[in-house]
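# Coordinate analysis (summary)
The residues making up each chain are set out below.
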Amino acid sequence: MEDYLIRGIAAGGLVTVSALQSAGIVERARQIHGLQPLASAALGRTLTAASMMGDALKSDEGSLTIQIRGDGPLGAITAVSDSRGNVRGYLQNPEAQLPLKADGKLDVGAGVGQGLLTVIKDPGKGEPFSGKVLLRSGEIAEDIAGYYAESEQIPTVCALGVLVARDRTVAAAGGYLVQLAPGATDQLAERLEQSFSRLESVTALLSRGLSIEQIMEQALEGLDFTVLERRPAAYECKCSRQKVERALISMGAKELAELAQSGEPIEAGCQFCNQNYVFEPQEVQLMLDKLERK
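It should be emphasised that the depicted structure is a prediction, and the values quoted were computed from it without experimental measurement. (Residues numbered from 1 in each chain as written. Predicted model: local features only at pLDDT ≥ 70, side-chain atom pairs only at ≥ 80, totals over all residues. Heavy atoms only, no water.)

### Observations regarding the overall build of the protein chain
Stated precisely, the cut-off is as follows: Where helices and strands are cited, they refer to DSSP runs of H or I of at least four residues and of E of at least two residues respectively, numbered from the N terminus. Every radius of gyration here is taken over C-alpha atoms, with the globule rule written as 2.2 Å times N^0.38, N being the number of residues. With a 1.4 Å probe rolled over the protein chains alone, any residue whose accessible area is under 20% of its type maximum counts as buried; one over 50% counts as exposed, and the rest are partly exposed. Note on areas: these come from Shrake-Rupley sampling with a 1.4 Å probe, and a residue is covered only by the protein chains present in the view. In this charge count, Lys and Arg are treated as positive and Asp and Glu as negative; neither His nor the chain ends contribute. For charged residues, the charge sits on one atom: NZ in Lys, CZ in Arg, CG in Asp, CD in Glu.
The number of helices and strands found in the protein chain is 10 helices and 12 strands. Taken against the 2.2 N^0.38 rule, which gives 19 Å for 294 residues, the C-alpha radius of gyration of the protein chain at 21 Å falls within 12% of a compact globule. If one aligns the C-alpha atoms of the protein chain with their principal axes, the spans along those axes are about 70 × 45 × 35 Å. Within the protein chain, the fraction of its 294 residues that count as buried is 49%. For the protein chain, the computed accessible surface area is about 14300 Å², with 48% contributed by carbon and sulfur atoms. Each charge class in the protein chain can be summarised by its mean position, and for the 29 positive and 38 negative side chains these summaries are 2 Å apart.

The following block contains the structure:
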């Protein structure tokens with residue numbers, strides 16, 4: 001099934017909804033990075049959140065980055081989304097493993113540990129906006145909700161889930177962001193809190209064959225939930241040989257000269273897709289010549 005993202009409203013526009021079916025995205029990340037189950041769950045949740053948050057950007061040229069820097073064995077986690085919800089990411093220790101929790105679930109919170117969550121919104125033109133908050137649990141969904149509460153003062157319900165099969169492939173993944181708009185009453189907030197507290201986990205519902213739309217209809221029953229937009233989303237890396245070349249040139253003349261004089265080919269890899277780009281010494285010399293002519 002193709003991954004897709006929906007945006008919608010409920011309660012006459014006082015509730016905004018973003019929801020994503022992301023099993024394909026997370027499975028692609030697992031394959032690229034060789035993720036163990038704990039890493040699949042942590043990176044998958046972060047990718048899902050970044051996709052929904054990036055899709056909310058107003059600029060077509062914009063991008064959104066989530067950085068999680070915890071002291072757990074998974075290490076740093078990074079996910080980047082464009083303005084259409086296409087996303088890419090990586091984490092520091094893809095082979096990290098921990099014992100399962102008492103309920104049999106992966107212990108993402110312990111894998112992430114304590115630290116900081118940073119969200120960077122880049123409009124594509126002008127200065128990026130950055131917000132930092134302390135991690136609340138390391139389980140990521142609660143941390144994303146905490147970011148919205150502290151940095152943007154938006155009451156938010158966030159759920160993120162990744163179900164890993166016994167063969168370590170991704171069986172189900174998805175999430176939702178439900179937010180209250182200005183003017184929402186305390187009664188509406190309480191009703192949403194009660195409704196979502198009764199809702200099963202997003203992976204349990206997806207595993208039973210429910211669509212993202214059906215999950216939101218169940219959670220927002222009686223609030224006139226309406227889907228405004230539905231679009232595909234994918235794991236998409238935007239690296240290219242030209243971009244890597246520009247990055248090498250940005251190192252400066254001194255560093256390029258040293259690389260050219262080494263006589264050895266230069267390998268530069270992309271952290272998001274593991275693509276390797278090889279530049280021969282004569283190619284590095286051409287970059288140096290181009291830089292010195294400026």
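### Here's the deal with the pairing of strand β12 (residues 276-279)
Heads up, the condition is: Two strands qualify as a pair provided that DSSP identifies no fewer than 2 bridges between them.
Side chains Tyr 277 and Phe 279 of β12 all project onto a buried face; the interleaved residues Asn 276 and Val 278 project onto a face where none is buried. Where strand β11 (residues 266-269) lies against β12, 4 bridges are found, and the strand directions are antiparallel. Note that in β12 the partner of Glu 267 across the bridge is Val 278.

### Some details on the packing of aromatic side chains
Selection rule: Any two rings among Phe, Tyr and Trp, with Trp reduced to its six-membered ring, count as a pair given centres within 6.5 Å; such a pair is stacked if its planes are under 30 degrees apart, edge-to-face if over 60, and tilted if neither.
Counted by the stated rule, this structure contains 3 aromatic pairs. Relative to Phe 272, the ring of Tyr 90 lies with its centre 5.2 Å away and its plane at 65°, an arrangement referred to as edge-to-face. With Tyr 90 in strand β5 (residues 87-91) and Phe 272 in the loop between β11 and β12, the pair connects residues that are 182 residues apart, well separated along the chain. By relative accessible area, Tyr 90 is classed as buried at 19%. By relative accessible area, Phe 272 is classed as buried at 17%.

### Side note on the nonpolar core
We count it as follows: The term nonpolar core refers to a set of buried residues drawn from Ala, Val, Leu, Ile, Met, Phe, Trp, Tyr and Cys, joined through side-chain atoms within 4.5 Å. Only heavy atoms matter for contacts: two residues are in contact if any of them lie within 4.5 Å across the pair.
Grouped together as the largest cluster of nonpolar side chains are 53 residues, with contacts concentrated most on Met 53, Ile 66 and Ile 144. The dominant element in this core, judged by the number of residues it contributes, is helix α2 (residues 37-55), at 10 residues. With near-sequence residues (within four places) excluded, Ile 66 lies in contact with Thr 46, Ala 49, Ala 50, Met 53, Ile 77, Thr 78, Ala 79, Leu 117, Thr 118, Val 119 and Ile 144. Formed by 25 residues, the second largest nonpolar core is a distinct cluster that contains Ala 10, Val 15, Ala 159 and Leu 206.

### A short note on the pattern of salt bridges
In plain terms, the rule: The term salt bridge refers to a pairing of a side-chain nitrogen on Lys or Arg with a carboxyl oxygen on Asp or Glu at a separation within 4 Å.
Summed over all chains, the structure comprises 13 salt bridges. A salt bridge links Glu 27 to Arg 30, with the nearest nitrogen and oxygen atoms 2.7 Å apart. Of this pair, Glu 27 and Arg 30 are both found in helix α1 (residues 23-33), 3 residues apart, which corresponds to roughly one turn of the helix. For the pair Glu 27 and Arg 30, one class covers both residues: buried. With a shortest N-O distance of 2.6 Å, Arg 208 and Glu 200 are connected by a salt bridge. By relative accessible area, Glu 200 is classed as partly exposed at 36%. Salt bridges here are not isolated pairs; linked through shared partners, they connect Arg 7, Asp 55, Glu 229 and Arg 231.

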